[in-house]
Each structure stands twice: as C-alpha cells, then as structure tokens.
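Below are the chains, spelled out letter by letter.
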Amino acid sequence: MKRTAAGLAAILIAVSAAAQPMPPVPMGTGPGVHDPNSPFAPLPARSDVVPWSLLTAVKTKTEKNKVLPVFDKPQQALHQKTQRVQGFMMPLEPGEKQTHFLLTSVPLSCGFCVPGGPESMVEVRTRTPVPYTLDPVVVEGKFALLEDDQYGLYYRITEGVGVK
C-alpha cells in the first residue's frame, strides 16, 4: 500500500508540474533570429551588403493555399540589380565547393533543420564554385524577387561570385 501511495503521489506531482503554465520560450520563427546558445557568432554588421532586416521585413498574403510574398518599395528597388548579401552557407549538395546553395541569415543548428522561413534565405547560383565554410560569406550577383517560386523561396541571386 505504501508503494502504491508513493507511486500515486509521484504521478500527481508530475501531472501537477506539467499542468503549470510554462513561461514562453523565445522561438526563432523567421526574421533572422539568432539562438544565443549557438556556437556560431551572429553576422557582423556590414554597410556594403543588403541588410537582412530589409529582406525579413517582407509581408505575405495567402492565395490558393499558398503563402506568397508581398514586396514593399525598398525590397522592389533591389530587383534585377547587382546586390551583395552576407550570410551562412546551407549546401544543397555535398562537396567542398558549392555553386548552388542557400544563404541564410543565421547558421544551421542541425543538418536537418531549416534555420528560418523563406524571408531569411536567398537561393544562390554562382559562376564559379565558392568554398564551403561555417563562417559567414558574402556573395554578389543579380538579385531577384520571387513572387511565386515553386519551392516557396522569396529571393534568388544568379551569376554570383564570392566576395572577400
């Protein structure tokens, strides 16, 4: 009987603790949220690149079961012009050098996790391979806004080159 009462008391304590409201946990759900527990430092500020704050400020609309971007004038001013973007490489294929990858506003926290929403990623295609690194990189190329991309992306750089 003592074992049953002790077991029941333990269960009640566990259920009671689980039922208590938990304080909200800060979640990185998009606009370039950098996890303070990340082993990688956040992006250093640079004046020669498009700021992620501009890219992540995109608004969205829902149309035919799709979430589509709605670009404001500052974002529209980037379209079809040569731009520089700084970010972390997310390879799309294995290899030491990459010609097609995603550039993200925050580093990957695991190999299977997307670091944010489409507002915090730029698809990149380069003319010459860029060495893969865990450090931030800067890529320059023709910047495009994607209004209804088949993969749900909002931004793309083509004809890119790595910048030191």
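1. Digging into the overall build of the protein
In terms of helices and strands, the protein carries three helices and seven strands. The order of helices and strands in the protein, counted from the N terminus, is α-α-β-β-α-β-β-β-β-β. Looking at the protein residue by residue over its 164 residues, the buried ones come to 32%. For the protein, the share of sequence-separated contacts (at least 6 apart) that also reach a separation of at least 24 residues comes to 63%. Of the roughly 10700 Å² of accessible surface on the protein, a fraction of 59% belongs to carbon and sulfur atoms.

2. Details of the sheet that holds strand β7 (residues 155–163)
Judged by pairing direction, the barrel is mixed, and its five strands sit side by side in the order β3-β4-β5-β7-β6 before closing back on the first. Recorded for the sheet is a direction-independent mean angle of 45° between the axes of neighbouring strands. Bridging between strand β3 (residues 81–91) and strand β6 (residues 137–145) involves seven bridges; their strand directions are antiparallel. Across the sheet, residue Gln83 finds its bridge partner in β6, namely Gly141.

3. Examining the environment of Asp149
Mapped onto the elements, Asp149 comes out in the loop between β6 and β7. Remark: the alpha-carbon pair of Asp149 and Leu68, spanning 81 residues in sequence, is separated by 8.7 Å. Side-chain polar atoms of Asp149 contact the backbone nitrogen of Tyr151, separated by 3.0 Å. Here Leu153 takes part through its backbone nitrogen, which lies 3.3 Å from a polar atom of the side chain of Asp149.

Reading guide: rules and limits
Residues numbered from 1 in each chain as written. Predicted model: local features only at pLDDT ≥ 70, side-chain atom pairs only at ≥ 80, totals over all residues. Heavy atoms only, no water. Helix = DSSP H or I, 4+ residues; strand = E, 2+ residues; numbered from the N terminus. Buried < 20%, exposed > 50% of the residue type's maximum accessible area, 1.4 Å probe, protein only. Contact = heavy atoms within 4.5 Å. Areas by Shrake-Rupley, 256 points an atom, 1.4 Å probe, with all protein chains shown as cover. Pairing = 2+ DSSP bridges. Axes fitted to C-alpha atoms, helices over the stretch in contact; angles between N-to-C directions. Polar contact = N/O pair within 3.5 Å; in protein donor to acceptor, adjacent residues only side chain to side chain.

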